[in-house]
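This is what each chain is made of:
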Amino acid sequence: MSELITKTAAELASAIASGAVSAVEVAQAHLDRIAEVDGRVHAFLHVDTEGALAAAKAVDSRRAAGERLGALAGVPLGLKDVMCMEGIPTTCGSKMLEGWRPPYDATVTRRLKDAGVVILGKTNMDEFAMGSSTEHSAYGPTRNPWDLERIPGGSGGGSSACLAAYEAPLAIGTDTGGSIRQPAAVTGTVGVKPTYGAVSRYGLIALASSLDQAGPCARNVLDTALLHSVIAGHDPHDSTSLTDAVPDVVAAAGTRDLTGMRIGVVKELGGEGYQAGVRQRFDEAVAALTSLGAEIVEVSCPHFDYALAAYYLILPSECSSNLAKFDGMRYGLRVGDDGESSVEQVMGRTRAAGFGEEVTRRIILGTYALSAGYYDAFYGSAQKIRTLIQRDFNDAFAKVDVLVSPTAPTTAFKLGEKLDDPLAMYLNDIATIPANLAGTPGMSIPIGLAPEDNLPVGLQIMAPARADERMYAVGGALEAALLAQWGAPILSKAVAL
Amino acid sequence: MTTMNSPALMPYDDVIAQFDPVMGLEVHVELNTKTKMFCGCATEFGAAPNTQVCPVCLGLPGALPALNRKGVEGAIRIGLALNCEIAQWCRFARKNYFYPDMPKNFQTSQYDEPIAFNGWLDVPVETDEGVQVFRVEIERAHMEEDTGKTSHLGGATGRIQGADYSVVDYNRAGIPLIEIVTKPIVGAGKNAPAVARAYVSMLRDLLRALDVSDVRMDQGSLRCDANVSLRASADSPFGTRTETKNVNSLRSIEKAIRYEMQRQAAVLAGGGQVTQETRHWHEDTNLTTSGRSKEEAEDYRYFPEPDLVPIAPSREWVEQLRATLPEPPAARRARLQEQWGVNDTEMDSIINAGAVDLVVATIAAGADHTAARKWWLGELARTANDQGVDLADLAITPADIVDVERLIAAGTINDKLAREVIAGILAGEGTAEQVVARRGLQIVGDDSALLAAIEQAIAEQPDVAEKIRGGKVAAAGAVVGAVMKATRGQADAAKVRALLLAHLGVEDA
Ligand SMILES: [Zn+2]
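The rules behind the values
Residues numbered from 1 in each chain as written. Chains lettered and ligands numbered in written order. Predicted model: local features only at pLDDT ≥ 70, side-chain atom pairs only at ≥ 80, totals over all residues. Heavy atoms only, no water. Pairing = 2+ DSSP bridges. Helix = DSSP H or I, 4+ residues; strand = E, 2+ residues; numbered from the N terminus. Contact = heavy atoms within 4.5 Å. Axes fitted to C-alpha atoms, helices over the stretch in contact; angles between N-to-C directions. 1 Å grid on protein atoms, 1.4 Å probe; cavity = no way out; pocket = protein on both sides within 12 Å on 5 of 7 lines; lining within 4 Å. Points joined across faces, edges and corners; volume = space filled by probe spheres on them. Nonpolar A, V, L, I, M, F, W, Y, C, P; charged D, E, K, R; others polar. Domains from an automatic or database assignment. Donors = N, O, S within 2.8 Å, 3.2 Å for Na, K, Ca; no water. Tetrahedral: all angles 85-135°; square planar, octahedral: opposite > 155°, others 65-115°. Buried < 20%, exposed > 50% of the residue type's maximum accessible area, 1.4 Å probe, protein only. Buried area = accessible area lost by both parts, 1.4 Å probe. Salt bridge = Lys/Arg side-chain N within 4 Å of Asp/Glu carboxyl O. Polar contact = N/O pair within 3.5 Å; in protein donor to acceptor, adjacent residues only side chain to side chain. Arc of directions from axis to C-beta. Disulfide = S-S within 2.5 Å. Patch = residues over 30% accessible without salt bridge, like charges linked within 9 Å, V, L, I, M, F, W, Y side chains within 5 Å. Areas by Shrake-Rupley, 256 points an atom, 1.4 Å probe, with all protein chains shown as cover. Core = buried A, V, L, I, M, F, W, Y, C linked by side-chain atoms within 4.5 Å.

**Structural notes on the sheet that holds strand 14 (residues 303-304) of chain B**
Next up, step 1: Here three strands make up an open sheet; going across it, the order is 4-3-14 (chain B) and the pairing antiparallel. Each edge of the sheet is formed by a strand with only one pairing partner; in this case those strands are strand 4 (106-109) and strand 14 of chain B.
Next up, step 2: Relative to strand 3 (residues 93-96) of chain B, helix 10 (residues 307-322) of chain A is tilted by about 60°, and along the sheet it contacts strand 3, strand 4 and strand 14 of chain B.

Now the structure itself:
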C-alpha cells in the first residue's frame, strides 16, 4: 500500500505542484488501491483508468510547461454516478440507464476537469439517489470499510466508502435529504451539503429538484473546503443557481478559536431514537466547542417534528415527474418492443423492468400526492410545513450563528437490517432533512467512535443560507481540537482492509 | 380509413331559433424568437429533423431549463396588446403526461399563475346588419413550450392506426408558445361562427403587427381549438361543451363551429345529451369526429416547476414594453381612413378582405394608396377567393406590387399586361421583371414594328383609312383596335393612334 493514498488532498496537490510526486504516480497509486480493495468494498460502478491517467498526464505536462496549477490539480476524485460525465457510463445506480453514456458534462464535472482534478470513476449509490444504505443500487451494495457487513450510508455510500477505503482523497456527493452527510457520519469522513443553489445542478440527474444539492466529500474539513471552492459558483444553465460570490470557505476552515460564536443545540434532534453512544459523543463534542470559546444555547425548532412527513410528500411528488422521462423511447433500457405493442405498453414494461422497488414506491406515492383532489391535502400541506421549517431556522439563526445536532441517529447498521422496513430506513435522515427543506447548508464531521460498537459518529453543523463559511469555521476548529485529543485521524482506528 | 357515419345536423336557422350558442377559443401562438424557450437551440421552420436539439430540449437526464427573456417579453407584449393585466409574480408549472413527442414526459407550462390575465379584444364582425364591433373577453395568456412532432409512416392515412412505425422530430420541442384563452363568448347568437373567425383573424393581425410570431396557420405557428356548447336561452346555464381541435384555417374555424352547433342541436333536439369530449375537425370532409371523452381525460398533476425561479416582471419593464405596442386597431382604422380618403363602407371592405396590413406595407414600399388598394382589393382579392386562401397567404408581396406599379409608370407595361405579370408572380415565375422578360410582355415600343402593324391594318381596312383621311378622326379606333389585337395588347394604344394619324397625315381633333 503506497503511502500516497493516506495523504490529504491538500498535501497531494502541493506535492504535485512542487514536483515531489507526479500526478500520474498519484493516480496510479489510487487505481492500484481500487484494484486491491474495491472487489470487497464496491465503492465504484465504473473505473475510468485510461481517462484518469490521461488527465493526470495532462496535469504533469502543464506543470512541466511552467503553468500555474489549481489548488487541487492532479488530485484524484470519485464522482457519484448521478453526475453526467461525457462519454462515461452514468447509471444513477439503475438498470434503467445501464450502458448510457451522456453526450455532455455536468457543470460540476466540467469544473473538476478544468481544475485538473483527476476523475477516477463513478461511485455507487442507491438507485436514483433513493435510500440511506446504498443497498438499493441495482448493481449491488457498497460495504462500509469499517465493517464490511455494514452499510456505508446512502444514497452516496460509494462516495463515502471510497474515501474511508483510501481509494480516493476526494469525492462528489449529492444531498437531497442527507445523502452526503449521513454517509459521511457512518464512515468517519467529512461531507458538506452547501446552500441550495451554491453548486450548479446542471447535469445532476434530478431526484427532487427543489431539494437536490451537490457537495464536496473528503477525509478532512480543509479538503472539503478546497473542493467546495472548485465546484461552487453561478451557472447560467441552472436557473436556481445563486449569483453570489463563493464565500471564502478555505480561509474559514483554518479557524481554530470559536470565541464569540453562538452555537445552538437543536432540542428536537437528539433525544428519543438516538443511539446512546451517538448522544454521548455528541455531548462531548459540544463540550469541546465550549472549550474552544463558543457559547452554547439550546434552541427549539418545533416544526422539525413534521419534516420527515413533509419530505416524503415533496420528494416523491417531484421525483414522480423527474423520473417520467425514463420511458425507453430515447435512451437507456427498452423492454417489450416486439413490433406489435403500443408505445404505452413498451413504456409501461420498460418502467416496470427498469426501476427497483424503492423507486417504484416513491413514484407511486408522488403520483398519488399530486393527483387532482389530493394535491392540496398532500403536496399543498407539505409546502406549508416547509415554510414553517424555514421559519424555525430563521428564528433560530436570529439567536445563534450555527446549529448543531447528531448527523444520524445511529452508527452504521448491518446490511439487510432495514431493507424490508422503509420507515425505519427513512428515519436515518431525520436530522438531515430539515436543511434540505429550508435550502440551508449542512456539514457532517466525525467526532469519535460510539463506545458500544466502535463505529464512527458524526456531528452535523447547520448554518444560515449563504453563510456556508460558518460551518467550515466551526468544523475546522472542532476537527483540530479532536485531532489533538486523538493524536491521529479517526480513520487510522479502522481495521486495515 | 374507417367510414364515418355522418351524424344528423339541424338546419342552421332552426339551431338559432331554438338555442343560444356559447363559445370558448384557445389559440396557441408560436413565438418567432431566434432561440427556444429554455435552451439556445435555433427555431428555424423546416430544418432537417432533429438538427435543432440539445440535452435540454431533448430532456436528457440532468439537463435543466434556462429561461429565454425574449419569450417572456413576447408574452407580456401580447398580454398588453390584449388589454390584460400583467402578473406581478408568477411561476411555471409542470403538466405531466406521457407521450413520445414530449421529451421529459411533462410540458413546462403555466397553470394557475398566468403571466397575463383579464383582457379583451374588440372585434369588428360582418353581419347581415352591417359591421358590428363585438368585445371578446380574454381569460388569460400564458407561456409554455411546444412539443416535438410525431409522424406515422408506412400506413395509407398518415394516422397512427395502420402505420408501420412512428418517428419524432424534436426540432419543435421547446419552441416558445403562448396560449391565449377567451372567457366564454356569449351573446353572439347567429353570428357566433363569424365572431370566432373575426376574433382569430383580428388576433392574427395583432400578433403580426406586434412582430412576435409568423402567425402561419398552415405551418402551425397559429393553432386554434374551439369549445362550443348550446343552451336553451341566454338565461339558461351553460350546456355541455365539446372541444374541437385541429382547426387550422380561418375558414375552418367558422365552418367547424357552425357544424358543431348544428350537430349538438340535432343531438339535443333528439332527446340526447352532448358528450363532453374533444373532437377533431377534418378539413377534407368538413366534419368533426369524436376524440377523447371526459372520462378518459388525463389528470395532468400540475405542480410548480421547481427547476425555474418565479418570474416577477418589474413595472418599469412592463411600461417599457407597453411603449413598444403598435397603435390600437380602432385608432389605426380612423387614421388610415383619413389618410387614404375612404369612407366607412370602403374601409370595411378593406378590413374584411384582410388587406389593411398589406395595403399599408405596399404604400410603405413605395406605391401610392390608390394603386395599393386597387390591386389588393381587386385582382388579388378575387384570386384569393377563387383559390380559397387568405389574401396574406398569396405568393405575392407588397414589394412585388410596387415593382409592377413602377413598370407601369415607366411605360414598360400597361394595366392589362400588369394583370398578366401578377398572374406570373402568383404562379411562382419570379419577380415582376423576370415575368415580363420570360413572358415577353413589354409594350411594343419599336416604331418600325408598330408602323408595319399599322400598314397591315390599313391595308385590311382601306375604307376606314379613307374616312380618317377625310377627317373622320373618330374612326381611328377601329384601326387602333386591330393593331392592338395584332400585337396581342403589347402596344401602347395612345402611341398607336398618334402614329396612325401621323402616317395618314391627319391632325388629331
Ligand atoms: Zn435545445
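**Things to note about the layout of surface pockets**
Gaps left between atoms are located by rolling a probe of water-molecule size over the structure's atoms.
Residues and elements named next belong to chain B.
Next up, step 1: Estimates place the volume of the second largest pocket at around 1400 Å³.
Next up, step 2: Along the walls of the second largest pocket sit 49 residues, with Pro124, Ser201, Met202, Asp205 and Ile351 positioned nearest its centre.
Next up, step 3: For the lining of the second largest pocket, the element with the most residues is helix 3 (residues 192-210), which contributes ten residues.
Next up, step 4: Residue composition of the lining of the second largest pocket, by class: 31 nonpolar, six polar and twelve charged.
Next up, step 5: Viewed by domain, the lining of the second largest pocket spans two of them, domain 1 (12-300) and domain 2 (331-439), each represented by three or more residues.

**Things to note about the coordination of the zinc ion**
Residues and elements named next belong to chain B.
Next up, step 1: For the zinc ion, every protein donor is listed as Cys39 (SG), Cys41 (SG), Cys54 (SG) and Cys57 (SG), and the spread of their distances is 2.3 to 2.4 Å.
Next up, step 2: Here the zinc ion binds four donor atoms, and the angle range of 100 to 116° at the metal identifies the geometry as tetrahedral.
Next up, step 3: Of note, the donors binding the zinc ion are all from one chain and are spaced C-x1-C-x12-C-x2-C. Here cysteine 54 lies in the loop between strand 1 (20-30) and helix 2 (69-81) and cysteine 39 lies in the loop between strand 1 and helix 2, a separation of 15 residues in the sequence. Accessibility classification places cysteine 39 together with cysteine 54 in one group, the buried group.

**What about the interface of chain B and chain A?**
Next up, step 1: Each partner contributes residues to the interface: chain B has 32 residues there, and chain A has 38 residues.
Next up, step 2: When chain B packs against chain A, close to 2600 Å² is buried across both sides, 60% of that on carbon and sulfur atoms.
Next up, step 3: Contact with chain A buries surface across chain B, with Pro61, Leu64 and Arg301 of chain B losing the most and accounting together for 23% of the total.
Next up, step 4: Run the count over chain B and chain A and you get one salt bridge.
Next up, step 5: With a shortest N-O distance of 3.0 Å, aspartate 307 of chain B and arginine 201 of chain A are connected by a salt bridge.
Next up, step 6: Here chain B and chain A share 15 residue pairs in polar contact (both at pLDDT 80 or more) between them.

**A short note on the sheet that holds strand 3 (residues 118-123) of chain A**
All names here are of chain A.
Next up, step 1: What the eleven strands build is an open sheet, ordered 1-3-2-4-6-5-10-11-9-7-8; its pairing is mixed. Pairing within the sheet leaves two strands with one partner each, and these edge strands are strand 1 (44-47) and strand 8 (295-299). With strand direction ignored, the average angle separating the axes of adjacent strands in the sheet is 30°.
Next up, step 2: Where strand 9 (residues 402-406) meets strand 11 (residues 456-462), four bridges bridge the pair, whose relative direction is antiparallel. Across the sheet, residue leucine 403 finds its bridge partner in strand 11, namely methionine 462.

**Some points on the domain arrangement of chain A**
Residue and element names in this part refer to chain A.
Next up, step 1: For chain A, the assigned domains read domain 1 (3-301 + 392-493) and domain 2 (304-391).
Next up, step 2: Each of domain 1 and domain 2 has a C-alpha centre, and the two are 27 Å apart.
Next up, step 3: Tallying the contact residues gives 36 residues for domain 1 and 31 residues for domain 2.
Next up, step 4: It is Met96, Tyr426 and Leu437 in domain 1 that bury the most area against domain 2; as a group they hold 26% of the surface buried on that side.
Next up, step 5: At the boundary of domain 1 with domain 2, the tally comes to zero salt bridges.
Next up, step 6: At the surface where domain 1 touches domain 2, the tally comes to 21 residue pairs in polar contact (both at pLDDT 80 or more).
Next up, step 7: Those elements that provide at least two residues to the side of domain 1 that touches domain 2 are helix 13 (376-399), helix 14 (422-426) and helix 15 (433-438).
Next up, step 8: Sort the elements by how many residues they give to the side of domain 1 that touches domain 2 and helix 15 lands first, with five residues.
Next up, step 9: By residue class, the composition of the side of domain 1 that touches domain 2 is 21 nonpolar, nine polar and six charged.

**A short note on helix 14 (residues 462-469) of chain B**
Residue and element names in this part refer to chain B.
Next up, step 1: All of the buried residues in helix 14 are Val464, Ala465 and Ile468. Here the buried residues of helix 14 occupy an arc of 100° about the axis, which is enough to place them on one side.
Next up, step 2: Just beyond helix 14, the residue with positive phi is glycine 471, at close to 105°.

**Some thoughts on the state of the cysteines**
When the sulfur atoms of two cysteines share a covalent bond, that bond is a disulfide.
All names here are of chain A.
Next up, step 1: Counted under the stated rule, the structure contains zero disulfides over all chains.
Next up, step 2: Note on cysteine 319: no disulfide assigned, nearest cysteine sulfur contributed by cysteine 92 at a separation of 12 Å.
Next up, step 3: Residue classification places cysteine 319 among the buried positions, given a relative accessible area of 0%.

**Some words on the pattern of salt bridges**
Residues and elements named next belong to chain A.
Next up, step 1: The final tally for this structure, using the stated rule, is 50 salt bridges over all chains.
Next up, step 2: The salt bridge partner of lysine 122 is aspartate 81, with a shortest N-O separation of 3.1 Å. You can see lysine 122 sitting in strand 3 and its partner aspartate 81 sitting in the loop between strand 2 (76-80) and helix 4 (107-114), a full 41 residues away along the chain.
Next up, step 3: A relative accessible area of 0% means that aspartate 81 is categorised as buried.

**What to know about a nonpolar patch on the surface**
Residue and element names in this part refer to chain B.
Next up, step 1: Together, Leu153, Tyr165 and Val167 make up a nonpolar patch on the protein surface, roughly 250 Å² of accessible area in all.
Next up, step 2: Along the chain, the position of leucine 153 falls in strand 7 (residues 149-153).
Next up, step 3: By relative accessible area, leucine 153 is classed as partly exposed at 33%.

**A closer look at the nonpolar core**
Next up, step 1: Formed by 197 residues in total, the largest nonpolar core has its most connected members in Leu112 and Phe128 of chain A together with Ile180 and Tyr199 of chain B.
Next up, step 2: Considering each element in turn, this core owes the most residues, twelve residues, to helix 3 of chain B.
Next up, step 3: Ignoring sequence-local partners within four residues, the contact set of phenylalanine 128 of chain A consists of Cys92, Ser94, Met96, Leu97, Ile205, Leu207, Leu323, Phe326, Phe355 and Val359 of chain A.
Next up, step 4: Core analysis: the second largest hydrophobic core is formed by 36 residues, Leu258, Met261, Val402 and Met443 of chain A among them.

**Side note on the domain arrangement of chain B**
Interfaces are often sized by the accessible area lost when the parts come together.
Next up, step 1: Taken as a whole, chain B is organised into domain 1 (12-300), domain 2 (331-439) and domain 3 (447-504).
Next up, step 2: Each of domain 1 of chain B and domain 3 of chain B has a C-alpha centre, and the two are 63 Å apart.

**Some details on the environment of arginine 251 of chain B**
Next up, step 1: In this structure, arginine 251 of chain B sits in helix 4 (residues 250-269).
Next up, step 2: When residues no more than four places from it in sequence are discounted, the contact partners of arginine 251 of chain B are Arg197, Asn385 and Gly388 of chain B.

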